[in-house]
Amino acid sequence: MSHHDVIVVGTGLAGLTAAARLAEGGARVLVLAKGVGATHLSPCTIDVLGYAPDRVSDPGAALAGLGEDHPYAAVGRDGVAAAIGWFTDAMRDRYPYTGGLDRNLLLPTAVGALKPTAVVPETMAAGDGSDPVLVVGFTALKDFHAPLLADNLSRAGIAARAVELGLVPEGRVDVNSLGFARAFDDPAFRAEVAAQLVARLGADERVAFPAVLGIADAPAAWGTLRERLARPVFEVPTLPPSVPGMRVFAVLRERLRRAGVRVILNAVVGGAERAGGRVSAVRARVGLREVTYGCDWVVLASGGFASGGLELDSRWKARERALGLPVTGVPTDERFRADYFAEQPMARAGVAVDRDLRPEGHENVLVAGATLAGAQPWREKSGDGISLATGHRAAELILGAAVPSEPARAA
Amino acid sequence: MASLETDVLVIGGGATGAGVAWDCALRGFDTILVDRADLAEGTSGRFHGLLHSGGRYVVKDPVAADECVAENAILRRVIPDCIEDTGGLFVVTPDDDPAYGDAFLEGCRRANLPTEEIGVGEALKLEPRLNPGIKRAFTVPDGSIDAWKTVWALARGASARGARILTYHKVVDLKVEGDAVVGARVRNELTGEELDVGARFTLNASGAWAAQIVKMAGIEGVGVIPGKGIMIAMNHRLVNTVVNRCTMPADGDILVPIRTVSVIGTTDIRAADPDEIPVTQDEVDAMLDDGERLVPGFRDARALRVWAGVRPLFQDEKASGQAAADTRDVSRTHAVVDHVERDGVGRFLTMSGGKLTTLRLMAQDLVDAMCRQLGEDRPCTTTTARPPDNDDGQLYSLGARLRRREATLQEEQLICECELIGRTRLEETMRRRGTTNLDDVRRSLRLGMGPCQGGFCIYRATGILHGVGRLDGPEASASLRGFLQERWKGMWPILYGDQLRQARLDDWIFQGLLDVEHVPG
């Protein structure tokens, strides 16, 4: 049986962050995951807190207003700031981020809502502002509708209009975001896009594109278009698959590779060996084999109900699938309300933890990301913020564990 | 007020009303059909999809059984493209009395319903997921029928012969002159405008809502008991043959493979109001247990959607003098209510009771009764005439849609991957229907009815509706929000397992990514 300082379960933003930070701190880390994680679905803007329940303009200040059971309570504002600092630094060279905890940016979504978010890729940052916008769409990209975005944005008080280009990468009429992103990696393709647009630009216009401006080297693609169009250019996230998320995954995955961290995909964790309050090894099905991995620590970042980290059966019993941790917050009577946009009683269900992110009865297991109880990530726009902050926090706690944690540290 | 004149005004755009409009149009009557909402928006679009062989009724309701035997054969001829020949099985589960099987066989013989008892081993070979504890099995010619496709084919057929189909036109009052109904005042529910429809004859085919219409003619005592039934669509075809429990009709005893899903049904609960039929968690739980009895492991399978429909079970206080206690005991046959005989009101007939399998016969009986009252001899031709899109005489096959799609896969965008809907067809449907409502599009094309329940296609469809100029920004937002709300109604009571996972992914898209809740207007 191999032995590892820390086993991280999951390769979403929480798991990748925890693993990368741990490896930097000198820990020998093994990452086990069923597959690539939620980054491929998420726009990967770091939404810290957008609604509580009214629109939040200063997310750092608003964190204090959340309840004790919210995942941010275990991290605190300083912890969130530290996580953002680490992430911004980690992304700097290949896919830089900008923003911070003091002010939410308002970025247009693909339907033209203005979504509050704290830290965003530089390729999206110019979406925040009041100057007019030219929204560029592609008829071959069904997951982004420029006229709809422009129409709704105009009604939000930002003058906007749309153009749709008929370019078809690889001659196909049905190309998803990733296909377009690959096309934008080709300098000839982006030159053609720029050439078709240059004569159609208004004087003060910003130019919005679907978030498909390159996958191998997004800053270069984005930079070329800014230069050729001589206007601020920004990306707007499309329906999944998420190209920005894939960029983040690639950067962090490369960071893990350089740090010598082994990542095993197609590894489904389904049990642990326990002694007292400690997990000494986890069991995983890797392909068709059952493998046991010894460890000193476990960071569980396997996701919530959307990712399959948690599940609810038809008799309404909830289960955490990797280690069988207790799931709290499933109401016994009304689980959902008839109004879709209302707060749903089930929304905050998950694994409850103490101030050191440990679930009940576990000394050396820390939980991070969407598995945690207490948040309603999509409604309050906090998903990636929680994943980043708790993933980073879990790593810091383990790295600092020579010094026993005290409540004061978490505040 | 604008006004229209016609021979026949048909009230109700469900299977019965569409069948009546088709029958009237074929007999050369100028016809207007009105419905307060979309076609097949009421009971017809909310049923399990079973084309009855009649087996269900051979013991309890022999008249209904005979009608099903005859109509099943006719519908296979005239609307083949709406029907899949799945075949059916009646199985005696460990909880059922094997002796009922003998009564069942006897009933089938009497009704001339072709059936055969097959060995349990053979039944399990045919349907490997069936409960291995079944004690007897019988084959019958059940099938599955696409209600939307059927209603639309009939309505289009009627339109092609000059009928006017006015959806979203609600009857606000019947026009009564002397002792006759001479049409109705209807309101366009989309614009609020009222319209005066003058008619030589008015046919009430509004099903569970019939009593509300009748009252407008000042007629009392006609009752319709809305019998609520819930159904759950399961992802995948758990069976490829219709499976019935071989027992007296009860709850949760039919499992129907239709299109890419299988539907379990149903319940029968007396509802006070046909427009108030919420699904409860207890009903879902009971239905899942019923499913488990037919197909072990049913609870672990993925449920897609749950809904309720209301049967129009007829009750005439003048005839019976009392209300039936149990809606299960009300006959499933239909009857034409002759308001001349009953109430002294002429040029007005009501169709009561019935079921989708006998829609053609119901229409014929109603139109025949009208012709008798008018003293006109116009023979019915619906036993042989085929409505549009049923011309090739081929029963629907599951792979048909995929085969069509594959032919154009490289030339056209696929908008709904679950239901294989291409962009051209979507845009054509939007234009043809002239609708701004995503839910109307859903009913016409099955858009958003697959496993992801619109998670991906609904944003695309909204963008396309907006792009073809059907919707402006505020309408697009309203339509998108409305669709999400309507969809949620059918999802939340069955959110567990993989469908909860799917719903959370959809929340991620609509709330986390698009932030639909905060789109202006």
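Residues numbered from 1 in each chain as written. Chains lettered and ligands numbered in written order. Predicted model: local features only at pLDDT ≥ 70, side-chain atom pairs only at ≥ 80, totals over all residues.

### What about the domain arrangement of chain B?
All names here are of chain B. Rules: Domain start and end points were adopted from an automatic or database domain assignment. Remark: residues whose backbone-derived C-beta atoms lie within 7 Å of one another are considered to be in contact. Each helix is a run of H or I in the DSSP string that is no shorter than four residues. Each strand is a run of E no shorter than two, and both are numbered from the N terminus. In the scheme used here, Gly and all other residues not listed as nonpolar or charged are polar, with Ala, Val, Leu, Ile, Met, Phe, Trp, Tyr, Cys and Pro taken as nonpolar and Asp, Glu, Lys and Arg as charged.
Each domain of chain B was delimited in the assignment, giving domain 1 (2-43 + 148-224 + 314-374), domain 2 (82-143 + 226-312) and domain 3 (400-518). Its C-alpha centre places domain 1 at a distance of 31 Å from the equivalent point of domain 2. Counting residues at the interface gives 14 residues for domain 1, matched by eleven residues for domain 2. A per-element tally of the side of domain 1 that touches domain 2 places helix H5 (residues 147-160) first, with three residues. The residue makeup of the side of domain 1 that touches domain 2, split by class, is six nonpolar, six polar and two charged.

### Things to note about the packing of helix H5 (residues 146-155) of chain A against helix H14 (residues 457-467) of chain B
The packing of two helices is summarised by the inter-axis angle and the distance between the axes. Going by this rule: Orientation is described by axes fitted as lines to C-alpha atoms, over the contacting stretch for helices, and by angles from 0 to 180 degrees between their N-to-C directions. For classification, angles of less than 35 degrees are called roughly parallel, those exceeding 145 degrees roughly antiparallel, those between 65 and 115 degrees roughly perpendicular, and all remaining angles oblique.
Where H5(A) contacts H14(B), the two axes come as close as 8 Å, and the packing angle between them is 80 degrees. Taken together, the axes of H5(A) and H14(B) are roughly perpendicular relative to one another. Every residue of H14(B) that contacts H5(A) at Pro147(A), Leu148(A) and Asp151(A) is listed here: Thr462(B), Gly463(B), His466(B) and Gly467(B). Looking at side-chain class alone, the contact of H5(A) with H14(B) contains two nonpolar, four polar and one charged residues.

### A closer look at the nonpolar core
Within soluble globular proteins, side chains that are nonpolar generally end up buried alongside one another. The line we're drawing: By definition, a nonpolar core groups buried Ala, Val, Leu, Ile, Met, Phe, Trp, Tyr and Cys residues that are joined through C-beta atoms within 7 Å. Three exposure classes are used, all based on how many other C-beta atoms lie within 10 Å of a residue's own C-beta (placed from the backbone): buried at 20 or more, exposed at 12 or fewer, and partly exposed between those limits.
The biggest cluster of nonpolar side chains holds 307 residues, and the ones touching the most others in it are Val9(A), Ala19(A), Val299(A) and Ala21(B). Not counting chain neighbours up to four residues away, the residues in contact with Val299(A) comprise Val6(A), Val8(A), Val9(A), Ala18(A), Leu366(A), Ala368(A) and Ala394(A).

### Quick notes on the domain arrangement of chain A
Splitting chain A by domain gives domain 1 (2-94 + 247-403) and domain 2 (132-231). Using only C-alpha atoms to locate each centre, domain 1 of chain A and domain 2 of chain A end up separated by 34 Å.

### Regarding the interface of chain A and chain B
Accessible area lost upon the coming together of the parts is a frequently used measure of interface size. The interface of chain A with chain B comprises 39 residues on the first partner and 44 residues on the second. For the side of chain A that touches chain B, the secondary structure elements donating two or more residues are H5, strand E15 (310-312) and helix H10 (377-380) of chain A. If one sorts the elements of the side of chain A that touches chain B by residue count, H5(A) sits on top with five residues. Counted by class, the side of chain A that touches chain B contains 21 nonpolar, eight polar and ten charged residues.

### With respect to the sheet that holds strand E9 (residues 206-210) of chain A
Whenever strands of a sheet pair, they do so through backbone hydrogen bonds, lying parallel or antiparallel. All names here are of chain A. Condition: Whether two strands pair depends on DSSP finding at least two bridges between them.
Ordered by their spatial adjacency, four strands build an open sheet running E8-E7-E9-E10, and the pairing between neighbours is parallel. Strand pairing shows two members of the sheet lacking a second neighbour, strand E8 (160-165) and strand E10 (233-236), which therefore form its edges. Strand-to-strand twist in this sheet, taken as the mean axis angle between neighbours without regard to direction, amounts to 30 degrees. Two elements, E9 and E10, share four bridges in a ladder whose sense is parallel.

### Description of unusual backbone geometry
Following Ala52(A), the chain continues to Pro53(A) via a peptide bond in cis, the omega torsion being -15 degrees. By the element assignment, Pro53(A) lies in the loop between strand E2 (29-32) and helix H2 (59-62). Looking along the chain, the bond that leaves Gly265(B) and enters Thr266(B) is cis, with omega of -10 degrees. Among the structural elements, Thr266(B) can be located in the loop between strand E16 (261-265) and strand E17 (269-270). For Glu170(A), which is not glycine, the phi dihedral falls at a positive 55 degrees. Structurally, Glu170(A) can be placed in the loop between E8 and helix H6 (177-184). By the C-beta count within 10 Å, which is 9 here, Glu170(A) ends up exposed. Despite not being glycine, Tyr168(B) shows a phi value in the positive range, around 55 degrees.

### Focus: helix H7 (residues 281-294) of chain B
All names here are of chain B. The test is simple: By this rule, a helix spans an expected 1.5 Å times one less than how many residues it contains. Think of the arc as the fan of directions from the helix axis to the C-beta atoms.
The terminal C-alpha atoms of H7, which comprises 14 residues, lie 20 Å apart, in line with the 20 Å expected from a rise of 1.5 Å per residue. Listing the buried residues of H7 in full gives Glu-283, Met-287, Leu-288, Asp-290, Gly-291 and Leu-294. Buried residues along H7 cover an arc of 160 degrees about the axis, so they all sit on one side. Close packing links the buried residues of H7 with strand E13 (222-235), strand E14 (242-245), strand E15 (254-258) and E16.

### Brief notes about the environment of Leu113(B)
All names here are of chain B. Mapped onto the elements of the fold, Leu-113 is located in the loop between helix H3 (100-110) and strand E6 (116-118). Judged by the 22 C-beta atoms lying within 10 Å of it, Leu-113 falls in the buried class. Between the alpha carbons of Leu-113 and Gly-309 there is a distance of 28 Å; along the sequence they are 196 residues apart. Residues in contact with Leu-113, not counting those within four places in the same chain, are Ser-53, Gly-54, Gly-55, Val-58, Ala-65, Val-69, Cys-108 and Val-140.

### So, H3(B)
Residues and elements named next belong to chain B. Among the residues making up H3, those that are buried are Gly-101, Phe-104, Leu-105, Gly-107 and Cys-108. The buried residues of H3 all sit within an arc of 165 degrees when viewed along its axis, so they share a single face. What points out from H3, more than 90 degrees from its buried face, is the exposed set Asp-102, Glu-106 and Arg-109. At its buried positions, H3 is contacted by helix H2 (62-78), strand E5 (88-92), E6 and strand E7 (136-140). Just downstream of H3 lies Asn-112, where phi reads positive at about 60 degrees.

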